[in-house]
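Take a look at the letters that make up each chain.
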Amino acid sequence: QVQLVESGGGLVQAGGSLRLSCAASGSIFSINDMGWYRQAPGKQRELVATITSGGRTNYADSVKGRFTISRDNAKNTVYVQMNSLKPEDTAVYYCHCNVRTDWRPIEYSYWGQGTQVTVSS
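All residue numbers refer to positions counted from 1 along the written sequence of the respective chain. The model is predicted, so local features are restricted to residues of pLDDT at least 70 and side-chain atom pairs to those at 80 or more, both for listing and for counting; the totals for chains, interfaces and linings are taken over all residues. Remark: hydrogens and water are excluded; side-chain values derive from all non-hydrogen atoms of the structure.

**Student:** Where do I start with the pairing of strand β11 (residues 115–120) in this structure?
**Tutor:** A regular strand places its side chains on the two faces of the sheet in alternate fashion. Taking every second residue as pointing to the same face, the buried face of β11 carries T115, V117 and V119, while none of Q116, T118 and S120 on the other face is buried. DSSP-based pairing: two strands are paired if at least 2 bridges between them are found. Helix and strand definitions here come from DSSP, where helices need a minimum of 4 consecutive H or I residues and strands a minimum of 2 consecutive E residues; each element is numbered from the N-terminal end. Direction of pairing for strand β2 (residues 10–13) relative to β11: parallel, over a ladder of four bridges. What sits directly across from V12, in β11, is V119. When strand β9 (residues 91–100) meets β11, the two strands line up antiparallel, connected through three bridges. Bridged to Y93 within β11 is T115. Only protein chains enter the area calculation, which uses a 1.4 Å probe; residues under 20% of their type maximum are buried, those over 50% are exposed, and those in between are partly exposed.

**Student:** Just to check I follow, could you spell out the packing of aromatic side chains for this structure?
**Tutor:** For any two aromatic rings, the description comes down to two numbers: the centre-to-centre distance and the angle of the planes. Here a Phe, Tyr or Trp ring, Trp counted by its six-membered ring, pairs with any other such ring whose centre lies within 6.5 Å, and the pair is stacked when the planes are under 30 degrees apart, edge-to-face when over 60, and tilted otherwise. Counted by the stated rule, this structure contains one aromatic pair. With 5.1 Å between their ring centres and 65° between their planes, Y37 and W111 make a pair best called edge-to-face. Here Y37, found in strand β4 (residues 30–39), pairs with W111, found in strand β10 (residues 108–111); they are 74 residues apart in sequence, far enough to count as distant. Judged by relative accessible area, W111 falls into the partly exposed class, the value being 39%. Working rule: Lys NZ or Arg CZ, within 6 Å of ring centre, within 35 degrees of ring normal, means a charge sits over the ring. Taking the ring centre of Y94 as reference, the NZ or CZ of R45 above it sits at 3.7 Å. Taking the ring centre of W111 as reference, the NZ or CZ of R45 above it sits at 4.7 Å.

Structure below.
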């Protein structure tokens, strides 16, 4: 089993910054893609940003230029630095990883429990 533990959410004023962290632990052979998704009340979960094991990144248009995703492979941890936050960024943010648990080329999808980010105007 693999566990993802997120931290760093909270309440911030518009224009402020937050940094979210997500640490993976358990039966990990390797981690391919890691990423962040978010879900606002009454809306579907949407992609925020992803990063491959080689460091290639992908961002939602709504966060480009404001958010930066990064990862520490030695710590099995993914981060997202969120700057210039807007009230519309308010959501529960979820960490996601595609994990190989052994030598076989089989990946399993894991999600964190979610962390609330609230941006006040």
